[in-house]
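Here's the letter readout for the chains.
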Amino acid sequence: MSTAQIKKLLMDAADAFLHFDRELLANNTHEQAIAHRIANYIEKGGVRGYTVDCEYNKRAADAKRWRGKIFRPDIIVHKRGKNSRGDNLLVVEIKKDKICKSNIARLKFMTNPYNNAFGYELGCFLYFADGKPRYIWVGGGKVQTDI
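Residues numbered from 1 in each chain as written. Predicted model: local features only at pLDDT ≥ 70, side-chain atom pairs only at ≥ 80, totals over all residues. Heavy atoms only, no water.

K.L.:
So what exactly am I meant to see when it comes to the overall build of the protein chain here?
P.N.:
For the protein chain, the count of helices and strands is four helices and 10 strands. A compact globule built from 147 residues would reach a C-alpha radius of gyration of about 15 Å, and the protein chain, at 14 Å, matches this within 12%. Dimensions of the protein chain, computed from the C-alpha atoms along their principal axes, are close to 40 × 30 × 30 Å. For the protein chain, the proportion of its 147 residues judged to be buried stands at 45%. (Helix = DSSP H or I, 4+ residues; strand = E, 2+ residues; numbered from the N terminus. Rg over C-alpha atoms; globule rule 2.2 N^0.38 Å. Buried < 20%, exposed > 50% of the residue type's maximum accessible area, 1.4 Å probe, protein only.)

This is the structure in structure tokens:
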């Protein structure tokens, strides 16, 4: 998939989430419930050959680690158990209404092309300011202004 297709897949999923599940934001539901619904819409959007997982804490058989700590990205689109170029497509971190700089730093780490541990094609920090989706795209280990 191209970067533009990956980006559209997530944006369409966020739009579907707002259309069908907006009450999760209004009711101040935990971000894991929000991530789960968005992951469902990503799957429905068509990612043949990839798996969409929430809170997936593995890198092959090992735990995902960043700065010495185990972590679980909110959503990933990947090929489980594989770690070659093209196997890790998208990593998403979600907050309901604010930017989290440490999540963005972790996305930079996970999309760094020189990072053999992850090497995701694209990362996105997704949050909902004033009930609207906002995207901070990360690729190549950097925040991108235009992907």
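K.L.:
Mind showing me how you'd approach the packing of aromatic side chains here?
P.N.:
Where two aromatic rings form a pair, the distance of their centres and the angle of their planes describe that pair. Within the structure shown, the criterion is met by six aromatic pairs. The rings of Phe71, Phe109 and Phe118 are connected pair by pair, giving a single aromatic cluster. The ring of Tyr50 has Lys79 lying over it, and the distance from NZ or CZ to the ring centre is 5.1 Å. (Phe/Tyr/Trp six-rings, centres within 6.5 Å; stacked < 30°, edge-to-face > 60°. Lys NZ or Arg CZ within 6 Å of the ring centre and 35° of its normal.)

K.L.:
Please clarify how the packing of helix 1 (residues 3-21) against helix 3 (residues 31-45) should be interpreted in this entry.
P.N.:
For the pair helix 1 and helix 3, interaxial distance at closest approach is 8 Å and the crossing angle is 125°. Relative to helix 3, the element helix 1 is oriented oblique. You can see that helix 1 and helix 3 cross each other, and the crossing is right-handed. Residues Leu9, Leu10, Ala13, Ala16, Phe17, Phe20 and Asp21 of helix 1 pack against Ile34, Arg37, Ile38, Tyr41, Ile42 and Gly45 of helix 3. Of the residues belonging to the contact of helix 1 with helix 3, the class tally is 10 nonpolar, one polar and two charged. (Axes fitted to C-alpha atoms, helices over the stretch in contact; angles between N-to-C directions. Parallel < 35°, antiparallel > 145°, perpendicular 65-115°, else oblique. Left-handed = near helix turned anticlockwise from the far one by under 90°. Contact = heavy atoms within 4.5 Å. Nonpolar A, V, L, I, M, F, W, Y, C, P; charged D, E, K, R; others polar.)

K.L.:
What's the story with unusual backbone geometry in this structure? I'm lost.
P.N.:
What is expected of a backbone is that most residues other than glycine have negative phi and most peptide bonds are trans. Of note in this structure, Glu55 is not a glycine but carries a positive phi near 55°. Tracing the sequence through the fold places Glu55 in the loop between strand 1 (51-54) and strand 2 (58-59). The phi dihedral of Arg67 is positive, around 55°, even though this residue is not glycine. Its location among the elements puts Arg67 in the loop between strand 4 (65-66) and strand 5 (69-70).

Nothing here speaks to function; it is all geometry.
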